[in-house]
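Summary of structural features
Read off the chains here:
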Amino acid sequence: MKKQITQVVIIGAGPSGAVAAALLDQHNIKVIVIEKMLFPRFSIGESLLPACMEVIEQANMLDAVKKGNFQLKNGAAFHHDGRYTEFDFNDKFTPGIGETYQVQRAGFDKILADQAQFQGVDIYYQHQVIDLNLENQPLLTVLDEDQQPYQISADFVLDASGFARVLPKLLDLEVPSTLPARKAIFTHIEDNISSTAFDRDKILISVHPDDPEVWYWLIPFSNGSCSLGVVAKADFLENYPQDNIQALKLLVNEEANLKEILANALYPHPSGEIIGYSANVKQLCSDKFALLGNAGEFLDPIFSSGVTIALKSAQFASETLVKQFNGEKVDWQKDYQERLMVGVNTFRCYVEGWYTGELQRVILHPNPDPKIKQMICAILAGYAWDINNPFVTQPYRRLKAVAEFCK
Ligand code: FAD
């Protein structure tokens, strides 16, 4: 069998894989990215957070993303039964970029991957990693586009394979998520929104009038279409038609504000669904591999944190690898896992708080304390690693106290 040798293999050319590859390439570390699909390809996860723009900038990809004609995003809006709140990402506790984009992921992911290639990274499209031997130096078995196997020997493996979770499966690292299984159904609509009051620069999160655990996303794009999705426990959705488009139409009609906004919407595109998307692992790294983005832990889509966590994982893993290849002493547990988990655990607290209702109470409060709103806004903008923010260092205690106050 043919064998190649490199310093780092990255499994998957999605956001975490492409950005990690570019960050390593900046330090002349030899990287090969193996990508199962041909880009562009569909992916869910279309609403970004400003904090991820800082990593994109570090990877020298910001200008290319800006030229992508994506819809600007400067905040998030929430609606429940006539109550409406907006968060402006420029009015936040943590300094840093306050704007981002709402992106069709097919085009966005291709821009990042093309930029990585343009900067010198090798990406093998339509090649699929099928095995990994970690007994000595990592040895991967890969199928090429003709389904012919070959091997790559590397010093280190980054798994950026998203929901495919290649290494967690091969290395038996998977553990059940602590979050209950939920289902998302979604499509792209031609929105025909005529309301001048509707702000296309913000994601709109709406809560179902009868069940606060059920929520909708409406993510406007720059071309007059929107991503529309509903998240609920699977048994709730069993009461709706099996045809997801029909179910989405019915659900939209049950939420008065969305019903009005989307009165003229057309549903010409196919739907998608994902069930039980939350995932967790026993460990995120060893001295031979690290799991990036969704290949590690995925929480919940409610705060659009997925791509930001994916890019922060790419940043932290590549910084640790650069030190390692420079001969410095590294501790993967501390330098990567514990560092990444600061933000993941912050988001976990707010995801849990959303579904218990505590966070909804705080977010939708009509007279918020401006300082507290800025601190929560910083987290909604993705600055979940800012240890100067008390809502990051003590998320559960702070949220509980504010939720109590908002009762
Ligand atoms: P991906 O983008 O999934 O890329 C993984 C790549 O690996 C793919 O291209 C795949 O083809 C490749 N691959 C897989 N297996 C192999 C293999 N064996 N060999 C080679 N290549 C392989 N996040 C947000 O930020 N905002 C949102 O609004 C948002 N909404 C979401 C809504 C829902 C319902 C869900 C479930 C998730 C949402 N997310 C959102 C999360 C977001 O989709 C992910 O966090 C993000 O795509 C993770 O990026 P990644 O780079 O880890 O993986």
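Everything that follows concerns the structure shown earlier in this document.
Criteria and cut-off values
Residues numbered from 1 in each chain as written. Predicted model: local features only at pLDDT ≥ 70, side-chain atom pairs only at ≥ 80, totals over all residues. Heavy atoms only, no water. Near = heavy atom within 4 Å. Polar contact = N/O pair within 3.5 Å; in protein donor to acceptor, adjacent residues only side chain to side chain. Helix = DSSP H or I, 4+ residues; strand = E, 2+ residues; numbered from the N terminus. Nonpolar A, V, L, I, M, F, W, Y, C, P; charged D, E, K, R; others polar. Domains from an automatic or database assignment. Salt bridge = Lys/Arg side-chain N within 4 Å of Asp/Glu carboxyl O. Buried < 20%, exposed > 50% of the residue type's maximum accessible area, 1.4 Å probe, protein only. Contact = heavy atoms within 4.5 Å. Phe/Tyr/Trp six-rings, centres within 6.5 Å; stacked < 30°, edge-to-face > 60°. Lys NZ or Arg CZ within 6 Å of the ring centre and 35° of its normal.

Once that is clear, we can look at the site of the ligand. Surveying the vicinity of the ligand reveals 37 residues, the closest of which are Glu 35, Ile 44, Ser 47, Asn 294 and Val 307. The backbone of Lys 36 places a nitrogen or oxygen atom 3.1 Å from a nitrogen atom of the ligand. Taking Arg 105, its side chain carries an N or O atom lying 2.9 Å from an oxygen atom of the ligand. Broken down by secondary-structure element, the contributors of at least two residues to the shell around the ligand are helix H1 (15-25), strand S2 (31-35), strand S8 (128-133) and helix H9 (306-325). With three residues, the single largest contributor to the shell around the ligand is H9. Each residue belonging to the shell around the ligand can be placed in one class, and the counts come to 19 nonpolar, 13 polar and five charged. The residue makeup of the shell around the ligand includes at least three contributed by each of domain 1 (3-68 + 93-176 + 280-343) and domain 2 (183-275).

Under the criterion given, the structure shown has 15 salt bridges. The closest approach of N and O atoms between Lys 30 and Asp 122, which form a salt bridge, is 2.8 Å. Of this pair, Lys 30 sits in the loop between H1 and S2 while Asp 122 sits in strand S7 (residues 122-125), and the two are 92 residues apart along the sequence. With a relative accessible area of 38%, Lys 30 lands in the partly exposed category. The residue Glu 273 makes a salt bridge to Lys 183 at a minimum N-O spacing of 3.7 Å. Of this pair, Glu 273 sits in strand S16 (residues 271-275) while Lys 183 sits in strand S12 (residues 183-190), and the two are 90 residues apart along the sequence. Residue classification places Lys 183 among the buried residues on the basis of a relative accessible area of 16%. When salt bridges that share partners are traced, they join Arg 41, Arg 105 and Asp 109 into one network.

So, about the side chain of Thr 85. Residue position: Thr 85 is located in strand S5 (residues 83-88). You can call Thr 85 buried: its relative accessible area is 7%. At 3.0 Å, the side chain of Thr 85 and the backbone oxygen of Ile 363 are in polar contact. Non-local contacts of Thr 85, meaning those with residues more than four positions away in its chain, are made with Ala 76, Ala 77, Phe 78, Ile 363, Leu 364 and Lys 373.

What characterises a pair of aromatic rings is the spacing of the ring centres plus the angle enclosed by the ring planes. Tallied over the full model, the rule gives 15 aromatic pairs. A centroid spacing of 5.4 Å and a plane angle of 80° characterise the contact between Phe 163 and Phe 298, whose relative ring orientation is edge-to-face. Linking Phe 163 in the loop between strand S10 (149-159) and helix H5 (166-170) with Phe 298 in the loop between strand S18 (289-291) and H9, this pair joins segments that are 135 residues apart in sequence. Phe 163 sits in the partly exposed class, given a relative accessible area of 38%. One aromatic cluster is present, built from ring pairs that chain together Phe 42, Phe 186, Trp 215 and Trp 217. Lying across the ring of Tyr 355, Arg 182 places its NZ or CZ 3.4 Å from the centre. Positioned above the aromatic ring of Phe 87 is the side chain of Lys 373, whose terminal nitrogen or guanidinium carbon lies 4.7 Å from the ring centre.

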